[in-house]
There are 2 protein chains.
Amino acid sequence: MNSQTDFTQRTVEYEILLARFKELLKKNTYKYTIQREVILETLYKSDEHLTPEALHQLIKEKFPELKTGIATIYRTLSLLEDSDMVTSLSFGSQGKKYELGAKEHHDHMICTKCGTITEFVDEAIEERQHRIAEEFGFEMQDHSMQIYGICKNCKKLRFIYD
Amino acid sequence: MNSQTDFTQRTVEYEILLARFKELLKKNTYKYTIQREVILETLYKSDEHLTPEALHQLIKEKFPELKTGIATIYRTLSLLEDSDMVTSLSFGSQGKKYELGAKEHHDHMICTKCGTITEFVDEAIEERQHRIAEEFGFEMQDHSMQIYGICKNCKKLRFIYD
DNA sequence: TTAAATTTTGATTATCTCTATCATTAAGTC
DNA sequence: GACTTAATGATAGAGATAATCAAAATTTAA
Ligand SMILES: [Mn+2]
Ligand SMILES: [Mn+2]
Ligand SMILES: [Zn+2]
Ligand SMILES: [Zn+2]
């Protein structure tokens, strides 16, 4: 199809990701659509953890001519998650947040004051998780870990204002 | 108030818990009500991880004369969670499950096939979590960890039927 | 013990997130 | 380009949780 969508600033890393996505689509006889690509691209360009709603907002702003519906966002996120290309985080009832899972696995530290999310990986923990699953005869598919608390910055602000 | 509610089989542990709850209520000028106590008691007696709906069901069966509304369940669970007396687990969009936080802290291993939840504690992981928070200048309030996968039993069944 | 002040309750409605449906449109195939 | 199939957007529908509000219960202070 013939769109004047601006696909500039594509890095090699993104091209690889996109190729992987197209391959995945082909393998499952799914069709390639601009909506799907735009969703992948927007996730890639954002280093935030996005709610489907926020992602939809971004896409409406950047590609208004597509008139992408919210249903397509949900559908594509599920598709991407099922294929392990994105990961979702659940924080209580505030719904899910998605991020591109193409980066390495990591865990999250979440500030309960300002909502800032810090990512980290700890090999010792990863190692123990596998060990524990093994002990229970459990076939681990996935795992997630969150540390909740007050971030460095909020601690500083609290010191000043409280 | 004058109810014939059956509060038998109260352990000392429960009495302490209840006292703590009453103290909490008083401190915040909240009022003591039978509904609140029954919710605490039912959570205490159940060793399951309960959805608000399941908890409501249990209470309707055990204390039908109270005609406890679902709204009160939600309100009280939020109250208890805010005061760190119960903890909730989020399973994506399938809502939350609650458990009394009075027992020792632990993490969860969740079977994606049958939903069974296995609890565990690993000191090495606990230790690392504190260390990591410290490294980031983060004041940890809480943390949670979930391992998702196929439990021993479901693995066996899969072997037989697949 | 009673009366006043305040909070909580249950019922209900509203909201928010996510899924299902379906007619229309767009991709992939030849 | 025509044919087949899948994807899309709009919208209705579910399910979980929050908000509203009049009635009831609890606490407090006579
Ligand atoms: Mn992340
Ligand atoms: Mn538990
Ligand atoms: Zn913060
Ligand atoms: Zn299982």
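Quick notes on the rules
Residues numbered from 1 in each chain as written. Chains lettered and ligands numbered in written order. Predicted model: local features only at pLDDT ≥ 70, side-chain atom pairs only at ≥ 80, totals over all residues. Heavy atoms only, no water. Helix = DSSP H or I, 4+ residues; strand = E, 2+ residues; numbered from the N terminus. Buried < 20%, exposed > 50% of the residue type's maximum accessible area, 1.4 Å probe, protein only. Contact = heavy atoms within 4.5 Å. Areas by Shrake-Rupley, 256 points an atom, 1.4 Å probe, with all protein chains shown as cover. Near = heavy atom within 4 Å. Polar contact = N/O pair within 3.5 Å; in protein donor to acceptor, adjacent residues only side chain to side chain. Axes fitted to C-alpha atoms, helices over the stretch in contact; angles between N-to-C directions. Parallel < 35°, antiparallel > 145°, perpendicular 65-115°, else oblique. Nonpolar A, V, L, I, M, F, W, Y, C, P; charged D, E, K, R; others polar. Domains from an automatic or database assignment. Buried area = accessible area lost by both parts, 1.4 Å probe. Salt bridge = Lys/Arg side-chain N within 4 Å of Asp/Glu carboxyl O. Donors = N, O, S within 2.8 Å, 3.2 Å for Na, K, Ca; no water. Tetrahedral: all angles 85-135°; square planar, octahedral: opposite > 155°, others 65-115°. Expected span 1.5 Å × (residues − 1). Pairing = 2+ DSSP bridges.

1. Regarding the overall build of chain A
Each helix and strand in chain A was counted, giving six helices and five strands. Going residue by residue from the N terminus, the α and β elements of chain A occur as α-α-α-α-β-β-β-β-α-β-α. Counting all 162 residues of chain A, 41% fall into the buried class. Within chain A, contacts between residues separated by at least 24 positions form 50% of all contacts whose residues are at least 6 apart in sequence. As presented, chain A carries roughly 9600 Å² of accessible surface, and 51% of it is formed by carbon and sulfur atoms.

2. Some points on the protein's contact with DNA strand D
Lining the immediate environment of DNA strand D, one finds 20 residues, of which Lys31(A), Thr33(A), Thr72(A), Arg75(A) and Tyr74(B) sit closest. Close to the protein, within 4 Å, the atoms of DNA strand D are drawn from sugar and phosphate at a rate of 73%. Separating a phosphate oxygen of DNA strand D from a side-chain N or O atom of Thr33(A) is a distance of 2.8 Å. A distance of 3.4 Å separates a phosphate oxygen of DNA strand D from a polar atom in the backbone of Leu66(A). Counting only elements with at least two residues in the surface near DNA strand D, the list comes to helix 2 (34-45) and helix 4 (70-82) of chain A together with helix 4 (70-82) of chain B. It is helix 4 of chain A that provides the largest number of residues to the surface near DNA strand D, a total of three residues.

3. Some points on the packing of helix 2 of chain A against helix 3 (residues 52-62) of chain A
The description of two helices packed together rests on the angle between their axes and the distance between the axes. Residues and elements named next belong to chain A. In contact at an axis separation of 10 Å, helix 2 and helix 3 are set at 105° when each is read in the N-to-C sense. What the angle tells us is that helix 2 and helix 3 run roughly perpendicular. In contact with Val38, Ile39, Thr42, Leu43 and Lys45 of helix 2, helix 3 contributes Leu55, Leu58, Ile59 and Lys62. Broken down by class, the residue content of the contact of helix 2 with helix 3 amounts to six nonpolar, one polar and two charged.

4. Focus: the protein's contact with DNA strand C
Inspection of the region around DNA strand C gives 21 residues, with Tyr74(A), Lys31(B), Thr33(B), Thr72(B) and Arg75(B) positioned closest. Of all atoms in DNA strand C that approach within 4 Å of the protein, 73% are sugar or phosphate atoms. Between DNA strand C and Lys67(B) there is a distance of 3.3 Å, counted from a phosphate oxygen to a backbone nitrogen or oxygen. Of all the secondary-structure elements, those providing two or more residues to the surface near DNA strand C are helix 4 of chain A together with helix 2 (34-45) and helix 4 of chain B. With three residues, the top contributor of residues to the surface near DNA strand C is helix 4 of chain B.

5. Quick word on the domain arrangement of chain A
Size of an interface: often given as the accessible area lost when the parts come together. Residue and element names in this part refer to chain A. In terms of domains, chain A is made up of domain 1 (1-101) and domain 2 (104-162). For domain 1 and domain 2, the distance between their C-alpha centroids amounts to 25 Å. If you look at the interface, domain 1 gives five residues, while domain 2 gives seven residues. Summed over the shared surface of domain 1 and domain 2, the number is four residue pairs in polar contact (both at pLDDT 80 or more). Class assignment for the residues of the side of domain 1 that touches domain 2 results in two nonpolar, one polar and two charged.

6. A look at the interface of chain A and chain B
Across the contact, 38 residues belong to chain A and 37 residues belong to chain B. Together chain A and chain B conceal approximately 3100 Å² of surface at their shared face, both sides included; 62% is due to carbon and sulfur atoms. The tally of links between chain A and chain B comes to two salt bridges. In this structure, Asp122(A) and Arg128(B) form a salt bridge, with 2.4 Å as the shortest nitrogen-oxygen distance. Where chain A touches chain B, the interface holds 16 residue pairs in polar contact (both at pLDDT 80 or more). The element contributing the most residues to the side of chain A that touches chain B is strand 5 (residues 139-150) of chain A, with 12 residues. Taken together, the residues that form the side of chain A that touches chain B break down as 17 nonpolar, 12 polar and nine charged.

7. What to know about the coordination of the manganese ion (ligand 1)
Each donor-metal-donor angle in an ideal tetrahedron of four donors is 109.5 degrees, and each such angle in an ideal octahedron of six donors is either 90 or 180 degrees. Residue and element names in this part refer to chain A. Those protein atoms acting as donors to the manganese ion (ligand 1) are His49 (NE2), Glu99 (OE), Glu99 (OE), His106 (NE2), His108 (NE2) and Glu119 (OE), and they sit at 2.0 to 2.5 Å. Each of the six donor atoms bound to the manganese ion (ligand 1) contributes to angles spanning 53 to 171°, and the resulting shape is irregular. As a motif over one chain, the donors of the manganese ion (ligand 1) read H-x49-E-x6-H-x1-H-x10-E. Here Glu99 and His108 have matching classes, each one buried.

8. Considering helix 2 of chain A
Residue and element names in this part refer to chain A. The first and last C-alpha atoms of helix 2 sit 16 Å apart over 12 residues, in line with the 16 Å expected at 1.5 Å per residue. Along helix 2, the residues classified as buried are Ile34, Glu37, Val38, Ile39, Leu40, Glu41, Thr42 and Leu43. In this structure, the buried residues of helix 2 make contact with helix 1 (12-27), helix 3, helix 4, strand 1 (86-90) and strand 2 (96-100).

9. Quick word on the pairing of strand 1 of chain A
Residues and elements named next belong to chain A. Counting buried positions along strand 1 gives four out of five residues, so the element sits mostly inside the fold. When strand 1 meets strand 2, the two strands line up antiparallel, connected through five bridges. Looking at the pairing, Thr87 lines up with Glu99 of strand 2.

10. Here we look at the coordination of the zinc ion (ligand 3)
The zinc ion (ligand 3) binds to the protein through Cys111(A) (SG), Cys114(A) (SG), Cys151(A) (SG) and Cys154(A) (SG), with metal-donor distances spanning 2.2 to 2.4 Å. Classification of the site at the zinc ion (ligand 3) rests on its four donor atoms, whose angles at the metal span 103 to 117°, yielding the label tetrahedral.

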